[in-house]
2 protein chains.
Amino acid sequence: MVQMLRLQFVRVSLLASKSSTTLPLNLTPISTQLPRTTRLRSQMASYSTSSHSSKLLFRQLFEKESSTYTYLLADVSHPIKPAVLIDPVDRTVDRDLSLIHELGLKLIYAMNTHVHADHVTGTGLIKSKVPDVKSVISKASGATADLYVEPGDKVSFGDLFLEVRATPGHTLGCVTYVTGDASDQPQPRMAFTGDALLIRGCGRTDFQGGSSEQLYKSVHSQIFTLPKDTFIYPAHDYKGFTVSTVEEEMKYNPRLTKNEETFKNIMANLNLSYPKMIDVAVPANLVCGIQSKAI
Amino acid sequence: MVQMLRLQFVRVSLLASKSSTTLPLNLTPISTQLPRTTRLRSQMASYSTSSHSSKLLFRQLFEKESSTYTYLLADVSHPIKPAVLIDPVDRTVDRDLSLIHELGLKLIYAMNTHVHADHVTGTGLIKSKVPDVKSVISKASGATADLYVEPGDKVSFGDLFLEVRATPGHTLGCVTYVTGDASDQPQPRMAFTGDALLIRGCGRTDFQGGSSEQLYKSVHSQIFTLPKDTFIYPAHDYKGFTVSTVEEEMKYNPRLTKNEETFKNIMANLNLSYPKMIDVAVPANLVCGIQSKAI
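On a predicted model such as this, the values are computed, not experimentally measured, just so you know. (Residues numbered from 1 in each chain as written. Chains lettered and ligands numbered in written order. Predicted model: local features only at pLDDT ≥ 70, side-chain atom pairs only at ≥ 80, totals over all residues. Heavy atoms only, no water.)

Remarks on the packing of aromatic side chains
Aromatic rings considered in pairs are described by the distance between their centres and by the relative angle of their planes. Considering all chains together, one arrives at 23 aromatic pairs over all chains under this definition. When the ring of B:Tyr71 is compared with that of B:Phe192, the centres are 4.9 Å apart and the planes differ by 55°; the resulting orientation is tilted. Of the two residues, B:Tyr71 sits in strand β2 (residues 68-75) while B:Phe192 sits in strand β10 (residues 190-194), which places them 121 residues apart along the sequence. Each ring, one from B:Phe231 and one from B:Tyr233, has its centre 6.2 Å from the other, and the planes form 40°; the classification is tilted. The class of B:Phe231 is buried, set by a relative accessible area of 2%. It is A:Lys154 that lies over the ring of A:Phe161; its NZ or CZ is 4.4 Å from the centre. Over the ring of A:Phe241 we find B:Arg95, and its NZ or CZ is 6.0 Å from the ring centre. (Phe/Tyr/Trp six-rings, centres within 6.5 Å; stacked < 30°, edge-to-face > 60°. Helix = DSSP H or I, 4+ residues; strand = E, 2+ residues; numbered from the N terminus. Buried < 20%, exposed > 50% of the residue type's maximum accessible area, 1.4 Å probe, protein only. Lys NZ or Arg CZ within 6 Å of the ring centre and 35° of its normal.)

Written as structure tokens, this is what we have:
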């Protein structure tokens, strides 16, 4: 299987040579504001089936033990069908690579929204199996990766792109990846919020440089300002929800609909137990999930 | 919460009076073939993000213990936003009804693809909490319900509808619900296959009138004949996949890509253990999941 993948990647290695820059990252900042083509549609918030694009192939994948969602996005209108994986998990890497192979995609980026504390990222393992793939994480995360993103950067795959928004608070380096704001990008937009905003919840703020004040500001300034019909795809769900919208969370999130003081009180009194994976996961995830390097 | 739901349903009870027929079911058979507007798109198989419709609100919901998917579909262009739930689970009924309430939908049908052996259906519990809701199952299932469907029936909610296709083999009464074949229906089409076709798998055929021969014929004649880009939404997934397409399963399903004899051999030699829930679930599910009635 891995052999087959490697062969395929050799055959379609065009993009690899384009994207084989090391640091600093070959990503262009979004300097000019694109036309807000989604404005009118925001009245239709939560009234759409799902994002529509003739270019985007999209798959949501679930890892049951840590209740983690991994997201696969690819531009299938592009000759090599470049793909990105957001928040892959080590134990489901083979499943993900097998699917990518079956769909005829070329994985170029394995991205993380942040340094996870509850599972080991699959990025390192993916890189060991498919060497062309570049790992991506925010510069503010403090983790090592092939490519670092900063707020305002664009991560392009084919003609599609993700915007990088800084959403610290769960950890210092959390980012949200948002599909592009342009008429040729998926409609409605899609926000991959990591642990910053969960469906009817949010990530804890008591470890890894977390701050409830910062999280409140992040969600309100970077996510709740998106069009109301933007789909929210979180890094986890523990109740079986798969997707929400900005409008739904602005109306029904039991924490983030409160004022800042109440939110900070809620977060200060969660009385959560010490994360059982944190002492393994965080050191590993600081180096792309390769645990031998973490010792 | 339940009180609020009831009030809301009283307020918007227009459709309830329209759909309050008991047996025989007020569903119209699809006697004339609608224009196949999806034909050209089939070249794009597996190249779409997801189904697109300005009318359809769609949510996939997961029940972790039995790895069951429940599907919520609603016509949000209709004044009362009529909704259907496919394969609800008893233990997640409150979650589902809460979401339906938050989204402002009016649940009219709680439908099953078949008499499940691995979990108790939520239809009976839903009816006890929201009395207007009608339970729906195939006539061939032998179960009791408010409304029975037969192959060729259309289940309408607002301006949207589901076709009923007979896909026996996992059980004698299995059906697949498929979104309508018309330009005003979701594109690509969506098939809710129950346990007939799973992602890279299929339901077992050794209980409840199961037949591997019948299942093979069902999938090949009723599902693999749909446009290749039709999304496959199964009743379960155990590996974290959320969706597939007809094209993908025709290419990569490890069982149903084989010839019929090989398939029958595979199914005859699965050596699966006795389903742990079957003696509770099947009697209960024959009467809408209300276990007191099953004794």
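Picking up after the structure, the text goes on.
What about the environment of B:His114?
Residues and elements named next belong to chain B. Summarising the element assignment, His114 is placed in the loop between β4 (106-111) and α4 (123-129). It is 9.6 Å that separates the C-alpha atoms of His114 and Ala196, two residues lying 82 residues apart in sequence. When neighbours within four sequence positions are excluded, His114 is seen to be in contact with Ile137, His170, Thr171, Cys174 and Asp195. Of note is the side chain of His114, whose polar atom sits 2.9 Å from the side chain of Thr113. (Contact = heavy atoms within 4.5 Å. Polar contact = N/O pair within 3.5 Å; in protein donor to acceptor, adjacent residues only side chain to side chain.)

Some details on the sheet that holds strand β4 (residues 106-111) of chain A
Residues and elements named next belong to chain A. Taken in spatial order, the six strands make up an open sheet running β1-β2-β3-β4-β5-β6, and their pairing is mixed. The strands lining the two open edges of the sheet, one partner per strand, are β1 (56-63) and β6 (147-149). This sheet shows a mean twist of 25° between the axes of neighbouring strands, independent of strand direction. With four bridges joining them, strand β2 (residues 68-75) and strand β3 (residues 82-86) adopt antiparallel strand pairing. By the bridge assignment for β3, Ala74 is matched with Ala83. On top of the sheet, helix α3 (residues 93-102) reaches β1, β2, β3 and β4; it is set at about 160° to β1, its chief contact. (Pairing = 2+ DSSP bridges. Axes fitted to C-alpha atoms, helices over the stretch in contact; angles between N-to-C directions.)

Structural notes on the pattern of salt bridges
Pairing between side chains of opposite charge can happen when their charged atoms approach one another. All names here are of chain B. The final tally for this structure, using the stated rule, is 38 salt bridges over all chains. Asp96 is the partner of Arg95 in a salt bridge, and the nearest nitrogen-oxygen pair spans 2.9 Å. Pair check on accessibility: Arg95 and Asp96 agree, each one buried. Between Glu248 and Arg200 there is a salt bridge whose closest N-O contact spans 2.7 Å. Of the two residues, Glu248 sits in helix α6 (residues 246-252) while Arg200 sits in the loop between β10 and α5 (212-223), which places them 48 residues apart along the sequence. (Salt bridge = Lys/Arg side-chain N within 4 Å of Asp/Glu carboxyl O.)

Observations concerning the UniProt feature "domain: Metallo-beta-lactamase" (unreviewed entry) in chain A
In the numbering used here, UniProt assigns the "domain: Metallo-beta-lactamase" (unreviewed entry) feature to residues 67-236 of chain A. As annotated, residues 67-236 of chain A comprises 17% helix and 31% strand, and the C-alpha atoms at either end are separated by 5 Å. (UniProt positions renumbered as here; feature names shortened; annotations may be inferred.)

Some words on the sheet that holds strand β9 (residues 175-179) of chain B
Residues and elements named next belong to chain B. A sheet is described by the order of its strands in space; here six strands give the open sequence β7-β8-β9-β10-β11-β12, paired in mixed fashion. Bordering the open sheet on either side are β7 (154-157) and β12 (244-245), each of which pairs with just one other strand. Examined bridge by bridge, β9 and β10 share two bridges and lie antiparallel to one another. Each residue of the ladder has a partner; that of Val178, found in β10, is Ala191. Seen against the sheet, α5 touches β8 (160-166), β9, β10 and β11 (231-234) and runs at an angle of roughly 145° to β8.

A closer look at the interface of chain A and chain B
Counting residues at the interface gives 35 residues for chain A, matched by 35 residues for chain B. Taking both partners together, chain A and chain B bury about 3,300 Å²; carbon and sulfur atoms supply 49% of that area. Where chain A packs against chain B, one counts four salt bridges. A salt bridge links A:Glu102 to B:Arg200; its shortest N-O distance comes to 2.6 Å. Our count for the chain A to chain B interface comes out at 17 residue pairs in polar contact (both at pLDDT 80 or more). Of all elements in the fold, only β1, α3, β12 (244-245) and α6 (246-252) of chain A reach the threshold of two or more residues within the side of chain A that touches chain B. Counting residues per element, the side of chain A that touches chain B draws most heavily on β1(A), which supplies seven residues. (Buried area = accessible area lost by both parts, 1.4 Å probe.)

Quick look at the relation of the copies chain A and chain B
Between chain A and chain B, which share one sequence, the superposing operator has a rotation angle of 180° and an axial displacement of 0.0 Å; the RMSD is 0.0 Å. One copy is carried onto the other by what is essentially a two-fold rotation axis. Counting the interface residues of chain A, we find that 100% of their copies in chain B are interface residues as well, pointing to one common contact surface. (Least-squares fit on C-alpha atoms with pLDDT ≥ 70 in both.)

Some remarks on the side chain of A:Gln185
Residues and elements named next belong to chain A. Residue placement: Gln185 occurs in the loop between β9 (175-179) and β10 (190-194). A distance of 2.9 Å separates a polar side-chain atom of Gln185 from the backbone oxygen of Asp159. Separated by 3.3 Å, the side chains of Gln185 and Asp184 make a polar contact. The contact partners of Gln185, leaving out residues within four places of it in the chain, are Asp159, Leu160, Phe161 and Gly180.

Considering α5(B)
Residues and elements named next belong to chain B. In a regular helix each residue adds 1.5 Å, so 12 residues correspond to 16 Å; α5 covers 16 Å between its end C-alpha atoms and thus fits that length. Along α5, the residues classified as buried are Ser212, Leu215, Tyr216, Ser218, Val219 and Ile223. Mapping the buried residues of α5 onto a view down its axis gives an arc of 160°, with all of them on the same face. Contacts from the buried residues of α5 go to β8, β9, β10, β11, α6 and α7 (260-268). (Expected span 1.5 Å × (residues − 1). Arc of directions from axis to C-beta.)

So, the side chain of A:Asp195
All names here are of chain A. The residue Asp195 is located in the loop between β10 and α5 (212-223) in this model. No salt bridge is formed by the buried Asp195; its nearest oppositely charged neighbour, Arg204, is found at 8.8 Å. Within the structure, Asp195 has its side chain in polar contact with the side chain of His170 (distance 3.1 Å). (Lys, Arg positive; Asp, Glu negative; His and termini not counted.)

Here we look at unusual backbone geometry
Residue and element names in this part refer to chain A. In this structure, Pro188 follows Gln187 across a cis peptide bond, with omega equal to -15°. Mapped onto the secondary structure, Pro188 falls in the loop between β9 and β10. Phi angles above zero are rare outside glycine, and Cys288 is one such case at about 65°. When you line up the elements, Cys288 lands in the segment after α8 (278-285). For Cys288, a relative accessible area of 11% puts it in the buried group.

A word on the state of the cysteines
Within this structure, the stated rule accounts for zero disulfides over all chains. A:Cys288 takes part in no disulfide bond, and the closest cysteine sulfur, belonging to A:Cys174, lies 17 Å away. (Disulfide = S-S within 2.5 Å.)

With respect to the packing of α5(A) against helix α7 (residues 260-268) of chain A
Residue and element names in this part refer to chain A. Where α5 meets α7, the axes come as close as 9 Å, and the angle between the chain directions of the two elements is 130°. When the interaxial angle is binned, α5 and α7 end up oblique. The two elements α5 and α7 cross, and the hand of that crossing is right-handed. Here Ser212, Glu213, Leu215, Tyr216 and Lys217 of α5 lie close against α7, whose contacting residues are Glu260, Phe263, Lys264 and Met267. Tallied by class, the residues present in the contact of α5 with α7 amount to four nonpolar, one polar and four charged. (Parallel < 35°, antiparallel > 145°, perpendicular 65-115°, else oblique. Left-handed = near helix turned anticlockwise from the far one by under 90°. Nonpolar A, V, L, I, M, F, W, Y, C, P; charged D, E, K, R; others polar.)

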